[in-house]
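Below are the chains, spelled out letter by letter.
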Amino acid sequence: ALQKSCLLFTKMYRLYILHLALVLSSILKANGETGNGALRLIWDNQYSDTQAWSSGIVQIYYGGSWGNICDDFYFSSDEADVTCHQLGYTGSSSFGTTSSITQYGTDGNATLIEDVSCSLGTYLTLLQCSVNAQYSSTCSNDNSDLVINCYTTRIWNSPYPGQIRLTGGKYSNQGLLEIYCNGQWGTVCDDLFGATDARVTCRQLGYNYYYTYDSLPQRGDESQSIWLNNIYCSSSTYNCLSSCNSGSCTSSSITNCVHSEDITLDCCEYPRCLIKKCLLTLLTVL
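Residues numbered from 1 in each chain as written. Predicted model: local features only at pLDDT ≥ 70, side-chain atom pairs only at ≥ 80, totals over all residues. Heavy atoms only, no water.

(A) Structural detail: the overall build of the protein. Across its full length, the protein carries 4 helices and 14 strands. Every one of the 286 residues in the protein was classed for burial, and the buried ones make up 49%. Look at the contacts in the protein between residues 6 or more apart in sequence, and 75% of them connect residues 24 or more apart. Surface accessibility of the protein: about 13800 Å² in total, with carbon and sulfur atoms responsible for 53%. (Helix = DSSP H or I, 4+ residues; strand = E, 2+ residues; numbered from the N terminus. Buried < 20%, exposed > 50% of the residue type's maximum accessible area, 1.4 Å probe, protein only. Contact = heavy atoms within 4.5 Å. Areas by Shrake-Rupley, 256 points an atom, 1.4 Å probe, with all protein chains shown as cover.)

(B) Structural view of the environment of V82. Summarising the element assignment, V82 is placed in helix α2 (residues 77-86). In this structure the C-alpha to C-alpha distance between V82 and Q128, which are 46 residues apart in sequence, comes to 9.1 Å. Discounting chain neighbours no more than four positions away, the residues touching V82 are C118, L120, G121, Y123, L124, T125, L126 and C129.

(C) Structural context of the pairing of strand β1 (residues 39-43). Of all the 5 residues making up β1, 4 are buried; the element is thus mostly covered by neighbouring parts of the structure. Inspection of the sheet shows β1 paired to strand β3 (residues 55-62) by 4 bridges, in the antiparallel sense. Each bridged residue has a counterpart across the sheet, and for L39 the counterpart in β3 is I60. By the bridge criterion, 2 bridges tie β1 to strand β2 (residues 46-47) in an arrangement that is antiparallel. By the bridge assignment, I42 is partnered in β2 with Y47. Counted between consecutive antiparallel strands, the loop separating β1 from β2 contains 2 residues, among which D44 sits at a positive phi close to 50°. (Pairing = 2+ DSSP bridges.)

(D) Structural context of α2. In terms of residue burial, α2 counts as a mostly covered element, since 7 of its 10 residues are buried. Looking only at α2, the buried set comprises E79, A80, V82, T83, C84, H85 and Q86. For α2, the secondary structure elements touched by its buried residues are β1, β3, β5 (92-97), β6 (111-117) and β8 (146-150). Remark: G88 follows α2 within two positions and exhibits a positive phi of approximately 100°.

(E) Just the nonpolar core, in detail. Ranked by internal contacts, the top residues of the largest apolar core, which has 25 residues, are I179, V188, L228, I231, L241, L265 and C267. Of all the elements in the fold, those that place two or more residues in this core are β9 (164-168), β10 (174-181), α3 (195-204), β12 (209-213), β13 (226-228) and β14 (264-268). Setting aside anything within four residues of it in sequence, one finds I231 in contact with V188, D191, L192, F193, D197, L241, C244, N245 and S246. Core analysis: the next-biggest nonpolar cluster, separate from the first, contains 22 residues, I60, F75, A80 and V116 among them. (Core = buried A, V, L, I, M, F, W, Y, C linked by side-chain atoms within 4.5 Å.)

(F) Main features of the pattern of salt bridges. A complete count under the given rule lists 1 salt bridge for this structure. Of the charged contacts, one joins R165 and E178 as a salt bridge, the two residues approaching to 2.8 Å between their closest N and O atoms. Of this pair, R165 sits in strand β9 while E178 sits in strand β10, and the two are 13 residues apart along the sequence. By the burial criterion, R165 is buried, and E178 matches it. (Salt bridge = Lys/Arg side-chain N within 4 Å of Asp/Glu carboxyl O.)

(G) Layout of the state of the cysteines. Tallied over the entire structure, the rule returns 7 disulfides. Between the sulfur of C118 and that of C129 lies a disulfide, 2.0 Å long from S to S. Residues C118 and C129 are joined by a disulfide whose S-S torsion is about 95°; by sign, that bridge is right-handed. Taken together, the residues C118 in the loop between β6 and β7 (130-132) and C129 in the loop between β6 and β7 connect sequence positions 11 residues apart. Disulfide pairing is shown between C233 and C244; the S-S distance is 2.0 Å. Between C233 and C244 the sulfur-sulfur dihedral comes to about 100°; the bridge is accordingly right-handed. Of this pair, C233 sits in the loop between β13 and β14 while C244 sits in the loop between β13 and β14, and the two are 11 residues apart along the sequence. Residue classification places C233 among the buried positions, given a relative accessible area of 3%. C244 sits in the buried class, given a relative accessible area of 6%. (Disulfide = S-S within 2.5 Å.)

As structure tokens, this is what we get:
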């Protein structure tokens, strides 16, 4: 009788775990495909997954869905510049609302944040600024959605040694990790690369956490050099890879790595992206 009870318990437990896995999978699917704080530009309800556009209606991925940013009293040239920095451009040439700049249409998405206030226009990402997710009724319609026109000059067009960027992703917060060394952009090998190193890398890019690393399909071109390997960051409070062991440019390309080992990253803003990371971890365990 005891053996039968144990078998029944094991069977019920497995069914429970399977049900939990299905629930978690549906939550992840509903919550989207990237980390909290990602931005994208919309034209007539369409977005470019090649990040080719430098203007349009700005949408933010916040709290598990894509939605709009209200252009209210607080939004000024500093906030517009930071928005363009996150999208990979040097700054904003102009900004307004869908009621004042009409060529991009409207998107029908809900407003997710307002009262965006950046103390510095040199920030790299919008959620480095203060925002309010409890928006007012004046921001509840499509007429107040933020529209932005960025300069077409990329922030990495005049790079400095040790500058990093993410390329090839759907959004500017994800993609292949590249670093500028010895006059050219190259990749980073994933040997010894872990969670702390991923967080430091995202901090250098203006985000405070990572959503995933080494999970995206992008890889470097065979003609590219691999500049870094065996990175070890002893603290996640570092703001730059150069503070880590083996985090500075080498004089020549790494020869004991291949491009199938190139690091990819998806950066995000804590704490909201941590919830999705926990769900992903549970799914892995299950």
